[in-house]
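One-letter residues, chain by chain:
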Amino acid sequence: MSIERNQLIQSLLQILPEKSVLHTPEDMHPYECDGLSAYRKLPLVVVLPTTVEQVQDILRLCHSLEVPVVARGAGTGLSGGALPNEQGVLLGLGKFKQILEINAEQRTARVQPGVRNLAISQAVDSLGLYYAPDPSSQIACTIGGNVAENSGGVHCLKYGLTVHNIQQVKIVTMEGDLLTLGNSGLDSAGYDLLALFTGSEGLLGVIVEVTVKLLPKPERAQVVLAAFDDVVKAGAAVGNIIAAGIIPAGLEMMDKLAIKAAEDFVHAGYPVDAAAILLCELDGTNAEVSEYILRVRDILNQSGATEVRTAKDEQERMIFWKGRKSAFPAVGRISPDYYCMDGTIPRKQLPRVLETMDKWSKEYNLPVANVFHAGDGNLHPLILYDANKPGELERTEEFGGRILELCVEVGGTITGEHGVGMEKINQMCVQFQPAELEQFHAVKHAFDERGLLNPGKAVPTLHRCAEFGAMHVHHGKLSHPELERF
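Predicted model only: the values in this text are computed from it and were never measured.

## Focus: the overall build of the protein
When its secondary structure is counted, the protein shows 17 helices and 19 strands. The C-alpha atoms of the protein give 23 Å as radius of gyration, which agrees with the globular expectation for 486 residues (23 Å, within 12%). Over its C-alpha atoms, taken along the principal directions, the protein stretches across nearly 70 × 60 × 45 Å. Across the protein, the fraction of contacts at a sequence separation of at least 24, relative to all contacts at a separation of at least 6, is 71%. With the model as given, the accessible surface of the protein reaches about 20400 Å², and the carbon-plus-sulfur share is 50%. Positive and negative side-chain charges in the protein, numbering 43 and 60 respectively, have mean positions lying 3 Å apart.

## Some remarks on the environment of A387
In this fold, A387 is placed in the loop between β19 (378-385) and α14 (392-409). Residue A387 is classed as partly exposed on the basis of its relative accessible area, which comes to 41%. For the pair A387 and A38, spaced 349 residues apart in sequence, the C-alpha to C-alpha distance is 8.3 Å.

## Focus: the nonpolar core
If you look at soluble globular proteins, the nonpolar side chains tend to sit buried side by side. The biggest cluster of nonpolar side chains holds 83 residues, and the ones touching the most others in it are V169, V210, V212 and L300. Sort the elements by how many residues they give to this core and α14 lands first, with 7 residues. With near-sequence residues (within four places) excluded, V210 lies in contact with A109, R110, V111, I143, V147, I166, Q168 and V169. Counting residues in each nonpolar core, the second largest holds 27 residues, with A227, Y270, L279 and V371 among its members.

## Some points on the sheet that holds strand β9 (residues 178-182)
Pairing is antiparallel in the open sheet, where 5 strands are placed in the order β5-β6-β10-β8-β9. Strand pairing shows two members of the sheet lacking a second neighbour, β5 (99-103) and β9, which therefore form its edges. Across the sheet, the axes of successive neighbouring strands diverge by a mean angle of 15°, strand direction being ignored.

## Some details on the sheet that holds strand β1 (residues 21-22)
Taken together, the 4 strands give an open sheet; going across it, the order is β1-β2-β4-β3, and neighbouring strands pair in mixed fashion. Two strands in the sheet have a free side with no partner beyond their single neighbour: β1 and β3 (69-72). Two strands pair when backbone bridges link them, and strand β2 (residues 45-47) and strand β4 (residues 89-92) are joined in this way by 3 bridges, in the parallel orientation. Paired with V45 across the two strands is V89, which belongs to β4. Against the sheet, helix α1 (residues 5-13) engages β1, β2 and β4, with an angle of about 10° to β2. In the packing of helix α3 (residues 52-65) onto the sheet, the strands contacted are β2, β3 and β4, and the crossing angle to β4 comes to about 165°.

## Here's the deal with unusual backbone geometry
Comment: phi is negative for the bulk of residues other than glycine, and the bulk of peptide bonds are trans. In this structure, R107 takes a positive phi of about 55° despite not being glycine. Within the secondary structure, R107 is located in the loop between β5 and β6 (108-111). Take R107: its relative accessible area is 40%, and that puts it in the partly exposed class. Despite not being glycine, H267 shows a phi value in the positive range, around 60°. Mapped onto the elements of the fold, H267 is located in the loop between α9 (256-266) and β14 (276-284).

## Some thoughts on the packing of helix α13 (residues 350-364) against α14
Where α13 meets α14, the closest approach of the two axes is 11 Å, and the angle between their N-to-C directions is 160°. Considered as vectors, α13 and α14 are oriented roughly antiparallel to each other. Relative to α14, the crossing made by α13 is right-handed. Taken together, the residues of α14 that come into contact with α13 (itself represented by R352, V353, T356, M357, W360, S361, E363 and Y364) are R395, E398, F399, R402, I403, L406 and E409. Its residues placed into classes, the contact of α13 with α14 shows 7 nonpolar, 2 polar and 6 charged.

## Focus: the pairing of β9
Relative to β9, strand β8 (residues 166-172) runs antiparallel, the two sharing 5 bridges. Each bridged residue has a counterpart across the sheet, and for V169 the counterpart in β9 is L181.

## Examining the packing of aromatic side chains
The tally for this structure, following the rule as stated, stands at 4 aromatic pairs. Taking 6.5 Å as the distance between ring centres and 40° as the angle between the ring planes, the aromatic pair formed by Y270 and F320 counts as tilted. Residue Y270 is located in the loop between α9 and β14, and its partner F320 is located in helix α11 (residues 314-325); the two are separated by 50 residues in the primary sequence. The burial state of Y270 is the same as that of F320; both residues are buried. Plain terms: the ring middles of F432 and F440 are 5.0 Å apart, the flat faces sit at 80° to each other, and that makes the pair edge-to-face. We note R402 situated over the ring of W360; from NZ or CZ to the ring centre the distance is 4.2 Å.

The rules we used
Residues numbered from 1 in each chain as written. Predicted model: local features only at pLDDT ≥ 70, side-chain atom pairs only at ≥ 80, totals over all residues. Heavy atoms only, no water. Helix = DSSP H or I, 4+ residues; strand = E, 2+ residues; numbered from the N terminus. Rg over C-alpha atoms; globule rule 2.2 N^0.38 Å. Contact = heavy atoms within 4.5 Å. Areas by Shrake-Rupley, 256 points an atom, 1.4 Å probe, with all protein chains shown as cover. Lys, Arg positive; Asp, Glu negative; His and termini not counted. Charge placed at Lys NZ, Arg CZ, Asp CG, Glu CD. Buried < 20%, exposed > 50% of the residue type's maximum accessible area, 1.4 Å probe, protein only. Core = buried A, V, L, I, M, F, W, Y, C linked by side-chain atoms within 4.5 Å. Pairing = 2+ DSSP bridges. Axes fitted to C-alpha atoms, helices over the stretch in contact; angles between N-to-C directions. Parallel < 35°, antiparallel > 145°, perpendicular 65-115°, else oblique. Left-handed = near helix turned anticlockwise from the far one by under 90°. Nonpolar A, V, L, I, M, F, W, Y, C, P; charged D, E, K, R; others polar. Phe/Tyr/Trp six-rings, centres within 6.5 Å; stacked < 30°, edge-to-face > 60°. Lys NZ or Arg CZ within 6 Å of the ring centre and 35° of its normal.

Structural data, given as structure tokens:
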């Protein structure tokens with residue numbers, strides 16, 4: 001069924017007040033992209049509901065008219081997952097920003113999807129609690145987007161990703177039905193649909209409420225900063241710490257370009273002459289932190305660190321982390337554009353991958369600033385480029401694709417927390433077999449039979465994979481043997 005744009009707008013105005021239906025280009029431009037700004041589109045219309053009932057009515061209408069829907073939170077995603085559909089509705093959930101309930105005894109909070117990640121910890125700070133996942137964008141990103149992408153953060157090594165820190169979500173299906181996945185207990189019968197839904201990138205339903213788990217704040221947390229004269233040594237030190245049986249709360253790595261950018265931006269006290277630094281945070285009781293700090297310092301020195309220092313107080317600990325969490329915007333100050341990659345590899349492969357990326361950086365003549373969740377092997381290479389130079393974006397994308405395919409080649413995956421979206425959809429063809437992709441489509445069909453939720457994202461068609469494989473063969477860029485099956 002097709003419908004004229006004006007008819008769609010008039011139908012939506014029967015559900016929402018006029019100020020909540022945006023349809024002029026100037027009103028819709030703020031929604032034309034997410035954090036992956038290289039791709040931009042305008043939707044047919046933007047809607048900004050304030051109640052669950054309005055969301056249900058919008059989805060029922062779009063389902064009956066076969067109009068695609070893309071749900072959007074704060075738009076901080078970095079893979080094009082919230083890129084609008086030109087023939088569809090952009091469903092903005094930014095007005096769903098209330099913390100509905102805090103239960104200190106159960107250590108949970110019920111929140112709407114538009115609540116900022118950091119706002120949860122701020123709301124429960126006086127209770128001695130906090131919400132563990134802490135993406136670098138936590139000051140702006142929303143919990144609904146965190147669930148959609150299964151976000152992590154600098155403390156995910158010890159405390160897990162979003163999927164490990166939520167207990168229940170309420171979603172609205174494309175048909176407008178309200179479903180609850182998970183429950184108020186720690187376990188539930190039947191299939192684990194909560195885990196299935198987390199990280200599904202808006203393909204299966206629209207999140208309208210999330211129950212998150214809260215943790216007691218540790219008695220003590222302390223950070224060790226280690227500088228290295230070689231980035232490969234720093235990568236090896238990560239494996240040495242984990243091999244010693246130590247699980248830090250956070251274990252982050254930055255290379256020289258990222259260090260310099262962050263230091264100029266935040267003045268965190270980073271050693272700007274270092275080729276790489278590691279930030280290793282230990283938390284827990286006073287006694288265990290004291291013990292682990294000494295052990296980690298010894299390991300870092302034995303791994304070739306040129307400098308090892310421990311944050312002298314809470315203020316210095318926070319400024320160390322501020323530098324790391326500000327790395328992305330800091331790099332934006334030194335380059336007209338950058339392309340933020342996101343892949344995950346086995347920790348032992350860090351030295352090999354770092355060396356290969358450095359070689360390719362020279363080959364493409366594109367600098368790379370590396371910022372890693374090194375403890376769990378989640379890489380965030382930032383490829384610096386200038387979109388105003390003809391062909392440079394295309395070379396950057398090719399470089400980034402090779403990095404992701406390298407991650408698969410060494411036993412890793414094409415994403416850690418940013419999702420697939422539009423950015424990595426071709427690399428899904430490298431990671432998964434046709435039969436696996438067919439199962440993904442079967443899951444999608446079970447939730448969204450007409451394929452109207454966020455269409456064209458995250459899971460490629462087999463036809464697309466065949467075209468991608470043929471293109472790689474034609475250009476002599478067949479970088480992974482799995483592509484031969486297409």
